[in-house]
Amino acid sequence: MSRLAVTAAGLLVVFAFGTWMAWSYVTDATFVDARYAQNLAEGHGLVYNVADHDPVEGFTSLVWTLWQAPFAAFGADPVLVAQVTGVVAGVATLILLMRAVDGAAAVVAGCAYVLFLPTYFHVAGGLETALVALVVLRMAVLGMRVVEERHVVDLEPPLLLVLAALLRPEALIAVLPAFVVWFRSRRLSGQARVGLMIAVVLALACVVWTVVRYGHLVPKPWSDAVGPLGFDGSWLWSTFVVFAPLLLLTVALLTWPALRRVGAFFCVTVLAAGLPIVLFGPPEADALHRYAFAVFPVLCLAAGVAVAAMAGVRFVQAGVGVVVVGWVAVAGVASPGLPAVANTGVDLERTHAAIGRGLADADVPAGARTVAVADPGVIPYYSGWNAVDYSGRNDGTIVDGARPDSVVRSHEPAVIVVPSPGKNLPDTVHGLDIPIAVAGYSQLGPFQARDGSWQFVFVAPRWEQQVEVTVRAAVARGEEQYGNDYSVTINRWLNSLKD
C-alpha cells in the first residue's frame, strides 16, 4: 500500500471520529426541511402544514428537501437521512480532494479539510452545507482540468450548475467560473450540447413549478439571500482570519508561471463565492463560517497545489504544509461560535424536542392541535401539530404582509411557545405582541435550554391540564437524560462525549 493510501486511510479514521463527536448537533432548520419532506412523502404536497392552502417555500433547499422525501415514504426518519447524506458528502469530498491531486498536494488538502473541526458540524448538522461544498469542489476540479487541458466528461458541468442552483443561491455563483471556463472550451461538443439541453429543461421546469406552486418567479431562498447592497467588513475579516494561509497560498499560485492560469481560476472562484456575501451580508445562522464552508474544500485544494509546487526545497514545503494545516486546525477549535454549536443538539433535545414530544402525547383532539412557534423546526416536527410560524418563514399570510398578532389570534392555537433570552417574558418576538397574544392563556415554565435561552409555554385553559402533564413529564425526562448544566462552554460538550 502506498504512503498516500495509508494517509488517506488515516484521515478517514479521523473523519469518522470527528463525525461521531459532532453527531448530536442538528439545527432547528433541519427539522423544517424534514417536516416538508415528511408531508410530501405522505401525499400532502411540499407544505409546512397538511392543510396549507397558501403554501410557501420555507425549506432551505429544494433539492435537499426532495431528496429526503422518498426515504420518508418508506418509513425512514428524514432528519437521519439528512445527516447520513451529509456524512456521505463529506467522505466524498475528502476522497475527491485526495484524488484530484497527488503527493504533498493531496496530503495538505486532505489534512486541512479533516482537521478543521467545524467540518464535522457542517457534515452532521442535517443541512445541505456538505453537499454544496462537494458540488462546488467537483466543479472546481473540472475547471482546473479544463485549464490544464485535461479530459472532462462534458455532461457534468451543466448538470452540476443546475444542481448548485437548486441547492443554494451562492453555490450557483461559486460554480459559475468553472462553468464559464468549461463552456468557452467545450460548448460545441456533442456531450456538452446534450448536457446544456438537459440543464435548460430542468431549470425551466423548476421555474414553472415555482410559479405554479407558489405564485412567484424567483424561489424564496433566492429572494431571501439578496438583501440591501452594502459592505460586511466584519464577516470578511473574521473569515479571512480563519482561512488566511489557505487564501494566501491560493493567491501565491499566481507567482508560479506554470500555475498562473490555475491560480487565476481558483482566485476567481473564491471571489465569486465570497463577494456576494460581503456585499449583501451573510445570511442568518452563519454558524462556524457555514457560508464560507461552500468554498473551503476549494481553498484546501488550491493550498495543496501551492505547497506541492515548493517541492524543490523540501524543508520549506514541509514547514509551510504544517503551518497551513496547523493554522486551520487551531482556528477551527478557537472559533467563537463553537461552544454554542457544539451544545445545540443537547439543548434542543432537552427543551424543544421534549416540548414537542410532550405535545404529541397530550390528550388534545386533532382539531385543536395547533401550536404557535417562533422556532419552526423541532417543536412542530416532534409534536406533529399544525403550526403557526409567527417568524413568518412558513406562513403565507405573514409572508404577504399580515401582522403576526392577527394571524396567531385567528388560528386560536391551543399552545403558544415563546423563546426568551432570560426568565422574563419579552414584549415582542418577530413582531408578535406577546402580552396581547398570550392574554387568557396559562403559563408553563419557563423551561431552560441553555444560558441565554428559555422557552415559555402558554396553554389555552381548556387544554391546560392535558398539556401540562405531558409537557412537564417530557421536559423532566429530557433533564434527567441530558442533565442540568446549561453553560455554553466547550467543556460541557467534551464532558458529554465522555458520558
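Quick caveat: nothing in here was measured; it's all calculated off a predicted structure.

Asker: Would you explain the overall build of the chain in this entry?
Answerer: A count of helical and extended segments in the chain gives 22 helices and 7 strands. By the compact-globule yardstick of 23 Å for 499 residues, the chain fits well, its C-alpha radius of gyration being 24 Å. Expressed as lengths along the three principal axes of its C-alpha atoms, the size of the chain is roughly 80 × 50 × 45 Å. Going through the 499 residues of the chain one by one, you find that 54% of them count as buried. Restricting to contacts in the chain with at least 6 residues of sequence separation, those with at least 24 account for 73%. Carbon together with sulfur atoms contributes 65% to the accessible area of the chain, which is approximately 21,200 Å² in total.

Asker: Which parts of the structure should I look at to understand the packing of helix H13 (residues 260-280) against helix H14 (residues 296-308)?
Answerer: How two helices sit against one another is set out by the angle between their axes and by the gap between those axes. Relative orientation of the contacting elements H13 and H14 amounts to 160°, with a least axis distance of 10 Å. On the basis of the axis angle, H13 is roughly antiparallel to H14. Considering only the axes of H13 and H14, their crossing is left-handed. Residue-level contacts link Phe266, Thr269 and Val270 of H13 to Val298, Leu299, Leu301 and Ala302 of H14.

Asker: Hey, could you run me through the sheet that holds strand S6 (residues 442-450) in this one?
Answerer: Two modes of strand pairing occur in sheets, parallel and antiparallel, and in both the strands are linked by backbone hydrogen bonds. Here we have 5 strands laid out as an open sheet, ordered S2-S1-S3-S7-S6, and mixed in their pairing. In this open sheet, the two strands that pair with only one neighbour each are strand S2 (386-389) and S6. Here the average twist between neighbouring strands, direction ignored, is 20°. Judged from the 2 bridges that link them, strand S1 (residues 370-373) and strand S3 (residues 415-420) form a sheet pairing that is parallel.

Asker: In this structure, what is going on with the pattern of salt bridges? I would like to understand it.
Answerer: As a working rule, side chains carrying opposite charge can pair if their charged atoms are close by. Counted under the stated rule, the structure contains 11 salt bridges. Between Glu128 and Arg290 there is a salt bridge whose closest N-O contact spans 2.9 Å. One end of the pair, Glu128, is in the loop between helix H6 (118-124) and helix H7 (129-147); the other, Arg290, is in the loop between H13 and H14, with 162 residues separating them in the sequence. Across the pair, exposure class does not vary: Glu128 and Arg290 are buried alike. Across the pair Arg350 and Asp347 runs a salt bridge whose closest N-O atoms are separated by 3.0 Å.

Asker: Looking at this structure, how should I read the UniProt feature "transmembrane region" (unreviewed entry) in the chain?
Answerer: UniProt's entry tags residues 87-117, 159-182, 194-215, 235-255, 262-279, 291-313 and 320-342 with the feature "transmembrane region" (unreviewed entry), counted in the numbering of this structure. Here residues 235-255 runs as 86% helix and 0% strand, with 28 Å between its end C-alpha atoms. With 100% helix and 0% strand, residues 262-279 has its two end C-alpha atoms placed 26 Å apart.

Asker: When you look at helix H16 (residues 338-361) in this model, what are you seeing that I'm missing?
Answerer: Because the α-helix completes a turn every 3.6 residues, residues three or four places apart line up on one side. For H16, built from 24 residues, the straight-helix expectation of 34 Å at 1.5 Å per residue is met to within 8% by its first-to-last C-alpha distance of 34 Å. Approximately 50° is the largest bend angle found in H16, and it occurs at Thr344.

Asker: Would you take a moment to explain the side chain of Thr370 for this structure?
Answerer: Structurally, Thr370 can be placed in strand S1. Apart from the residues within four sequence positions on either side, Thr370 is in contact with Trp385, Asn386, Val388, Pro413, Ala414 and Val415.

Asker: Hey, could you run me through the nonpolar core in this one?
Answerer: The nonpolar side chains of a soluble globular protein tend to be buried, and buried together. In this structure, Tyr113, Phe121, Phe243, Leu246, Phe266, Phe296 and Leu301 are the most contacted members of the largest nonpolar core, which totals 99 residues. Per-element accounting of this core gives the leading share, 15 residues, to H7. When near neighbours in sequence (up to four residues on either side) are disregarded, Phe243 contacts Phe116, His289, Ala292, Phe296 and Leu299. With 33 residues, the next largest nonpolar core counts Tyr36, Leu62, Val467 and Val475 among its residues.

Asker: I would appreciate a short explanation of the packing of aromatic side chains in the present structure.
Answerer: Applying the stated criterion across every chain, the model contains 22 aromatic pairs. Pairing Phe265 with Phe266 gives two aromatic rings, centres 5.6 Å apart and planes at 45°, and the pair type is tilted. Looking at Phe265, the relative accessible area reads 5%, which means it is buried. By relative accessible area, Phe266 is classed as buried at 0%. Feature note: the residues Tyr113, Phe116, Phe243, Phe293 and Phe296 constitute an aromatic cluster, connected by ring pairs. Positioned above the aromatic ring of Tyr382 is the side chain of Arg357, whose terminal nitrogen or guanidinium carbon lies 4.2 Å from the ring centre.

Asker: Would you explain the pairing of S1 in this entry?
Answerer: For a regular strand, side-chain orientation follows a simple rule: the groups alternate between the two sheet faces. With burial as the criterion, each face of S1 is covered, one bearing Thr370 and Ala372 and the other bearing Val371 and Val373. Crossover handedness for the path S1 to helix H17 (residues 378-383) to S2: right-handed.

Asker: How do you make sense of helix H5 (residues 103-115) when you look at a structure like this?
Answerer: With 13 residues, H5 ought to run about 18 Å at 1.5 Å a step, and its terminal C-alpha atoms sit 18 Å apart, in line with that. Within H5, the full set of buried residues consists of Ala105, Ala106, Val108, Ala109, Gly110, Cys111, Ala112, Tyr113 and Val114.

Asker: Before we go on, may I ask you to explain the side chain of Thr269 in this structure?
Answerer: Summarising the element assignment, Thr269 is placed in helix H13. When near neighbours in sequence (up to four residues on either side) are disregarded, Thr269 contacts Ala174, Pro177, Val295 and Val298.

Asker: Where do I start with the packing of H7 against helix H8 (residues 156-167) in this structure?
Answerer: The geometry of H7 relative to H8 is characterised by a closest axis approach of 10 Å and an angle of 155° between their N-to-C directions. Comparing their axes, H8 and H7 come out roughly antiparallel. H7 and H8 meet at a crossing whose hand is left-handed. For the pair formed by H7 and H8, the contact residues are Leu131, Val132, Val135, Arg138, Met139 and Leu142 on the first element and Glu156, Pro157, Leu160, Leu161, Leu163, Ala164 and Leu167 on the second. A per-class count over the contact of H7 with H8 returns 11 nonpolar, no polar and 2 charged.

Rules and cut-offs
- Residues numbered from 1 in each chain as written.
- Predicted model: local features only at pLDDT ≥ 70, side-chain atom pairs only at ≥ 80, totals over all residues.
- Heavy atoms only, no water.
- Helix = DSSP H or I, 4+ residues; strand = E, 2+ residues; numbered from the N terminus.
- Rg over C-alpha atoms; globule rule 2.2 N^0.38 Å.
- Buried < 20%, exposed > 50% of the residue type's maximum accessible area, 1.4 Å probe, protein only.
- Contact = heavy atoms within 4.5 Å.
- Areas by Shrake-Rupley, 256 points an atom, 1.4 Å probe, with all protein chains shown as cover.
- Axes fitted to C-alpha atoms, helices over the stretch in contact; angles between N-to-C directions.
- Parallel < 35°, antiparallel > 145°, perpendicular 65-115°, else oblique.
- Left-handed = near helix turned anticlockwise from the far one by under 90°.
- Pairing = 2+ DSSP bridges.
- Salt bridge = Lys/Arg side-chain N within 4 Å of Asp/Glu carboxyl O.
- UniProt positions renumbered as here; feature names shortened; annotations may be inferred.
- Expected span 1.5 Å × (residues − 1).
- Bend = angle between axes of the 7 residues up to and from the residue.
- Core = buried A, V, L, I, M, F, W, Y, C linked by side-chain atoms within 4.5 Å.
- Phe/Tyr/Trp six-rings, centres within 6.5 Å; stacked < 30°, edge-to-face > 60°.
- Lys NZ or Arg CZ within 6 Å of the ring centre and 35° of its normal.
- Right-handed = clockwise from strand over helix to strand, strands pointing away.
- Nonpolar A, V, L, I, M, F, W, Y, C, P; charged D, E, K, R; others polar.

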